[in-house]
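In case you want the letters, here they are:
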Amino acid sequence: MRVIAGTARSIPLVTPEGMDTRPTTDRIKETLFNVLQFELANSCFLDVFAGSGAIGIEAVSRGAGSAFFIDSSRQAAACIEKNIKKCHFESNCKLIQSEAVSGINKFSRDYNKEEFDRLIVFMDPPYDKGLEYPVLKILMDSDLIDEDSIIIVETSLKADLSETEKYGYEIYKEKKYKNQKHVFLRKG
């Protein structure tokens, strides 16, 4: 796995061993960032269930102002730290080793909304376990997101996220791939 584009282009990234993480393929990553290309400049990118941190690192490489990574796994946290250093992004990336909801609470203390044009939240939780819902609820209940915020959930093809409407979200785009999809949400 590597950074595809931007200032850290072609830098190889380390990934946690085992089957607990699913690294996003270069092709899917490229498609995701083609969708986000005009939204990244001066954004704050929050990578929840971050795994190796590859998505947040790609965002910073392509122009995001900063990235925060949330993952509870020690092995994932070690990979994220190594990848941040390999890309020389220590000044604009921060790791929060925590489960997702507690990590969002910690993030909210460090995030200064006035510094950035928008918040982009990307989450890639274990598929079909409903772990995205507590994160979406806490985000909606906080003052972190607004009408300019973008939330992307990577999930299985069979997942139905229409229930997010009861939390106040609107699904405005869905991008399907061979084995998964990206669901794009915004505050409704």
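Heads up: the structure comes first, above all this text.
Every value quoted in this text rests on a predicted model; they were computed, and no experiment measured them. (Residues numbered from 1 in each chain as written. Predicted model: local features only at pLDDT ≥ 70, side-chain atom pairs only at ≥ 80, totals over all residues. Heavy atoms only, no water.)

### Comments concerning the overall build of the protein
So, point 1. What the protein contains, in helices and strands, is five helices and seven strands.
So, point 2. In the protein, the order of α-helices and β-strands from amino to carboxyl end is α-β-α-β-α-β-α-β-α-β-β-β.
So, point 3. Against the compact-globule benchmark of 16 Å for 188 residues, the protein has a radius of gyration of 15 Å, which places it among compact chains.
So, point 4. Considered along the principal axes of its C-alpha atoms, the protein spans approximately 40 × 40 × 30 Å.
So, point 5. Taking all 188 residues of the protein together, the buried fraction comes to 49%.
So, point 6. Within the protein, contacts between residues at least 6 apart in sequence are counted, and of these 66% link residues at least 24 apart.
So, point 7. Distance from the positive charge centre (26 side chains) to the negative charge centre (29 side chains) of the protein: 5 Å. (Helix = DSSP H or I, 4+ residues; strand = E, 2+ residues; numbered from the N terminus. Rg over C-alpha atoms; globule rule 2.2 N^0.38 Å. Buried < 20%, exposed > 50% of the residue type's maximum accessible area, 1.4 Å probe, protein only. Contact = heavy atoms within 4.5 Å. Lys, Arg positive; Asp, Glu negative; His and termini not counted. Charge placed at Lys NZ, Arg CZ, Asp CG, Glu CD.)

### Topic: the packing of helix α1 (residues 26-36) against helix α2 (residues 54-61)
So, point 1. Look at α1 against α2: their axes get within 11 Å of each other, and the N-to-C directions meet at 45 degrees. With respect to their mutual orientation, α1 and α2 come out oblique. Classified by chirality, the crossing of α2 by α1 is right-handed. On α2, the residues touching Lys29, Leu32 and Phe33 of α1 are Ala54, Ile55, Glu58 and Ala59.
So, point 2. Residue composition of the contact of α1 with α2, by class: five nonpolar, no polar and two charged. (Axes fitted to C-alpha atoms, helices over the stretch in contact; angles between N-to-C directions. Parallel < 35°, antiparallel > 145°, perpendicular 65-115°, else oblique. Left-handed = near helix turned anticlockwise from the far one by under 90°. Nonpolar A, V, L, I, M, F, W, Y, C, P; charged D, E, K, R; others polar.)

### Details of the pattern of salt bridges
So, point 1. For the coordinates displayed, the defined rule picks out 11 salt bridges.
So, point 2. The partner of glutamate 163 in a salt bridge is lysine 166, with the nearest N and O atoms 3.3 Å apart.
So, point 3. For arginine 186, the salt bridge is made with glutamate 170, and the minimal N-O distance between the two is 3.4 Å. Of this pair, arginine 186 sits in strand β7 (residues 180-187) while glutamate 170 sits in strand β6 (residues 169-176), placing them 16 residues apart in sequence.
So, point 4. By relative accessible area, which is 35% here, glutamate 170 ends up partly exposed.
So, point 5. Ionic contacts of the salt-bridge type, sharing partners, join the residues Glu30, Glu58 and Arg62 into one network. (Salt bridge = Lys/Arg side-chain N within 4 Å of Asp/Glu carboxyl O.)

### Some points on the pairing of strand β1 (residues 43-48)
So, point 1. Within β1, six of the six residues are buried, leaving the element largely enclosed by the surrounding structure.
So, point 2. Here β1 shows two buried faces, one formed by Ser43, Phe45 and Asp47 and the other by Cys44, Leu46 and Val48.
So, point 3. Two elements, β1 and strand β2 (residues 66-71), share five bridges in a ladder whose sense is parallel. Counted as the bridge partner of cysteine 44 is serine 66 from β2. (Pairing = 2+ DSSP bridges.)

### Some thoughts on the layout of surface pockets
So, point 1. If you add up the space inside the second largest pocket, you get close to 290 Å³.
So, point 2. Thr25, Ile28, Tyr177, Lys178 and Gln180 are, among the 14 residues lining the second largest pocket, the residues nearest its centre.
So, point 3. Its residues assigned to classes, the lining of the second largest pocket comprises four nonpolar, five polar and five charged. (1 Å grid on protein atoms, 1.4 Å probe; cavity = no way out; pocket = protein on both sides within 12 Å on 5 of 7 lines; lining within 4 Å. Points joined across faces, edges and corners; volume = space filled by probe spheres on them.)

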